[in-house]
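# Residue-level structure breakdown
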Amino acid sequence: MEHGHERSSRLPGFYTLPISERAKLAARFSGLSEEEALSLSGLGSLTGELVDIFIENAVGSFSLPLGIATNFCVNGKDVLVPMAVEETSVVAAASHGAKLARFGGGFRTRSSEPIMTGQIQLYLKHEVDFDRILTEEKESLLEYANRGQDRLLKRGGGAKDLTWYFIPEIQSLVVLLHINTVDAMGANIVNTMVEKLSAFMPGLITGCEVGLRILTNLTERRLAYAECTIPAEAFRHTTFEGHHVVDKIVGAWAFAWHDTHRATTHNKGVMNGIDPVLIATGNDWRAIEAGAHAFCCREGKYRPMTTWKKTKEGHLHGSIEVPMAVGTVGGVTKLHPTAQAALKLLGHPGAQELAEIICAVGLAQNLSALRALATEGIQHGHMGLHQKNIDLLQKQMRAIQ
Ligand code: MEV
């Protein structure tokens, strides 16, 4: 049932190799140069100059462990996934979830176009027929917003749509500008465009006062989706039948669906997979966190980010859909040498492909957590790996004393 590939992300025993050997193997997988491999290992990474460019009042940089999750097969293509994270067992769990998914051919993914949305808030001082005005002016407003954005337009991007709604409690008309930002995350593009467009509004909607002009991180038009179907035999366990584990995973998901406390922890586990890839690739993980959690509340109750069901054949089917505004060009992605090397490791994906891979990692992470929780419990595997840290800590303590 396992997929056979020329370049396989199945690397049995990868975890037993010394760090330098792991880095070499990963470099060979993706054709990284020696310098890029060094960036991946963090050794040639942030210079004082870059640190000073990225933030204000910089005094240095803060390191996180960078690991590589194995076994990922996304739309028939094997990938090694870079994950920057400090928590023991996260990378192992992602790799384990991906290994389980391989029994059903790996992950299938898709995503919507990279449409970001900017909000322009307009305080209305008196009644005005904004529906008529905005409907009539929509095309010229889009044309005005796109003026001066030649590079974006050439790449197929630019402002594509304009919508609006009214919030009576604060007498605010909210105009939404929907912009295709192609391979950029797009925050700067969106904020520039809404600021420019807002200057036009008081002339159009008489008596309005411009309020906030900013993107929304609830990127409902920029979603990514991943799914996998795993045969029950893949879950056979020393003390459990495969179909029993499938039932238990579905039950664990149902708990999260009906209970906000459990949904919060369930989703924390999903973000255990998503955030480390965002960080490794230089993306804004706070933006994705905010968007993902808000999206989970879209029906008025906080729900789990993933769905796990049993198919009529008795297989386990899992899926995830979340807003995923990530970029592969510009900003930190471009300037941070480790982020550059991480993107090369992933095979230089465009923004949509990266968004889809990240969703697959979130789903794998969640699968692994639910499988453990529903069977032997989370501490069994976690504590095994954690013991290594405890041993090291004790050794250091002895050296100090
Ligand atoms: C720990 O970092 C994440 C989990 O708590 C997730 C979950 O409970 O689903 C194991």
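Residues numbered from 1 in each chain as written. Predicted model: local features only at pLDDT ≥ 70, side-chain atom pairs only at ≥ 80, totals over all residues. Heavy atoms only, no water.

A few words now on the overall build of the protein. Check the secondary structure of the protein and you find 15 helices and 10 strands. Taking 21 Å as the expected radius of gyration for a compact globule of 401 residues, we find that the protein reaches 24 Å, a close match to that expectation. Principal-axis analysis of the C-alpha atoms gives the protein an extent of 70 × 55 × 50 Å. Taking all 401 residues of the protein together, 49% fall into the buried category. Long-range contacts, defined as pairs at least 24 residues apart, comprise 75% of the intrachain contacts of the protein with a sequence gap of at least 6. Surface exposure of the protein reaches about 19,700 Å², of which carbon and sulfur atoms provide 55%. Distance from the positive charge centre (39 side chains) to the negative charge centre (42 side chains) of the protein: 6 Å. (Helix = DSSP H or I, 4+ residues; strand = E, 2+ residues; numbered from the N terminus. Rg over C-alpha atoms; globule rule 2.2 N^0.38 Å. Buried < 20%, exposed > 50% of the residue type's maximum accessible area, 1.4 Å probe, protein only. Contact = heavy atoms within 4.5 Å. Areas by Shrake-Rupley, 256 points an atom, 1.4 Å probe, with all protein chains shown as cover. Lys, Arg positive; Asp, Glu negative; His and termini not counted. Charge placed at Lys NZ, Arg CZ, Asp CG, Glu CD.)

Surveying the vicinity of the ligand reveals the residues Glu87, Arg262, Thr265, His266, Lys268, Gly269, Asn272, Ala369, Leu373 and Ile378. In the model, an oxygen atom of the ligand is placed 2.8 Å from a nitrogen or oxygen of the lysine 268 side chain. Contact between the ligand and asparagine 272: an oxygen atom at 2.9 Å from a side-chain N or O atom of the residue. Burial of the ligand by the protein amounts to 81% of the accessible area it has alone, namely 300 Å². Within the residue set of the shell around the ligand, elements represented by two or more residues are α10 (260-280) and α14 (351-374). In terms of residue class, the shell around the ligand is made up of three nonpolar, four polar and three charged. (Near = heavy atom within 4 Å. Polar contact = N/O pair within 3.5 Å; in protein donor to acceptor, adjacent residues only side chain to side chain. Nonpolar A, V, L, I, M, F, W, Y, C, P; charged D, E, K, R; others polar.)

Glancing now at a nonpolar patch on the surface. Together, Phe62, Leu64, Ile279 and Trp285 make up an exposed nonpolar region whose accessible area comes to about 400 Å². Tracing the backbone shows leucine 64 in the loop between α3 (48-54) and β1 (66-74). (Patch = residues over 30% accessible without salt bridge, like charges linked within 9 Å, V, L, I, M, F, W, Y side chains within 5 Å. Salt bridge = Lys/Arg side-chain N within 4 Å of Asp/Glu carboxyl O.)

Right, let's talk about the sheet that holds strand β8 (residues 223-230) for a bit. The strand order across the open sheet formed by four strands is β3-β8-β10-β9, and the pairing between neighbours is antiparallel. Two strands close off the open sheet at either side, each with one partner strand: β3 (108-111) and β9 (306-310). Averaged over all neighbouring strand pairs, the angle between strand axes comes to 15°, with direction disregarded. In this structure, β9 lies alongside strand β10 (residues 316-323), joined through five bridges in antiparallel fashion. By the bridge assignment for β10, lysine 309 is matched with histidine 317. In the packing of α14 onto the sheet, contacts are made with β3, β8, β9 and β10, and the angle to β8 comes to roughly 45°. (Pairing = 2+ DSSP bridges. Axes fitted to C-alpha atoms, helices over the stretch in contact; angles between N-to-C directions.)

When you line up the elements, histidine 266 lands in helix α10. Along the chain, histidine 266 and phenylalanine 255 lie 11 residues apart, while their C-alpha atoms are 9.5 Å from each other. Excluding its chain neighbours within four sequence positions, the residues that come into contact with histidine 266 are Trp253, Ala256, Pro304, Met305, Thr306, Asn366 and Leu370. Within the structure, the side chain of histidine 266 is placed 3.4 Å from the side chain of asparagine 366, a separation counted as a polar contact.

Our focus in this paragraph is the packing of helix α4 (residues 90-102) against α14. With their axes 7 Å apart at the nearest point, α4 and α14 run at an angle of 95° to one another. Considering the angle they form, α4 stands roughly perpendicular to α14. Packed against α4, whose contacting residues are Val90, Ala93, Ala94, His96, Gly97, Ala98 and Leu100, the element α14 presents Val361, Ala364, Gln365, Leu367, Ser368 and Arg371 at the interface. Considering only residue class, the contact of α4 with α14 consists of eight nonpolar, four polar and one charged. (Parallel < 35°, antiparallel > 145°, perpendicular 65-115°, else oblique.)

For the rest of this paragraph, the subject is the nonpolar core. Ranked by size, the top nonpolar core spans 92 residues in total, and within it Phe72, Val81, Leu177 and Met324 carry the most contacts. At 11 residues, the largest contribution of residues to this core is made by α14. Both of domain 1 (14-94 + 104-112 + 222-343 + 367-394) and domain 2 (115-215) provide at least three residues apiece to this core. Ignoring anything within four residues of it in the chain, the contact list for methionine 324 reads Thr219, Arg222, Leu223, Ala224, Ile274, Leu278, Ile288, Ala355, Ile358 and Cys359. Core analysis: the second largest hydrophobic core is formed by 12 residues, Ala26, Phe29, Ala37 and Leu40 among them. (Core = buried A, V, L, I, M, F, W, Y, C linked by side-chain atoms within 4.5 Å. Domains from an automatic or database assignment.)

Next up on the list: the domain arrangement of the protein. Split into domains, the protein comes out as domain 1 (14-94 + 104-112 + 222-343 + 367-394) and domain 2 (115-215). If you look at the interface, domain 1 gives seven residues, while domain 2 gives seven residues. For the pair domain 1 and domain 2, the summed buried area comes to about 590 Å², and 54% of that belongs to carbon and sulfur atoms. Considering only the surface of domain 1 that becomes buried against domain 2, Arg222, Ala325 and Val329 emerge as the three largest contributors, covering 69% of it. Inspection of the domain 1/domain 2 interface yields zero salt bridges. On the surface where domain 1 and domain 2 come into contact, there are five residue pairs in polar contact (both at pLDDT 80 or more). Taken together, the residues that form the side of domain 1 that touches domain 2 break down as four nonpolar, two polar and one charged. (Buried area = accessible area lost by both parts, 1.4 Å probe.)

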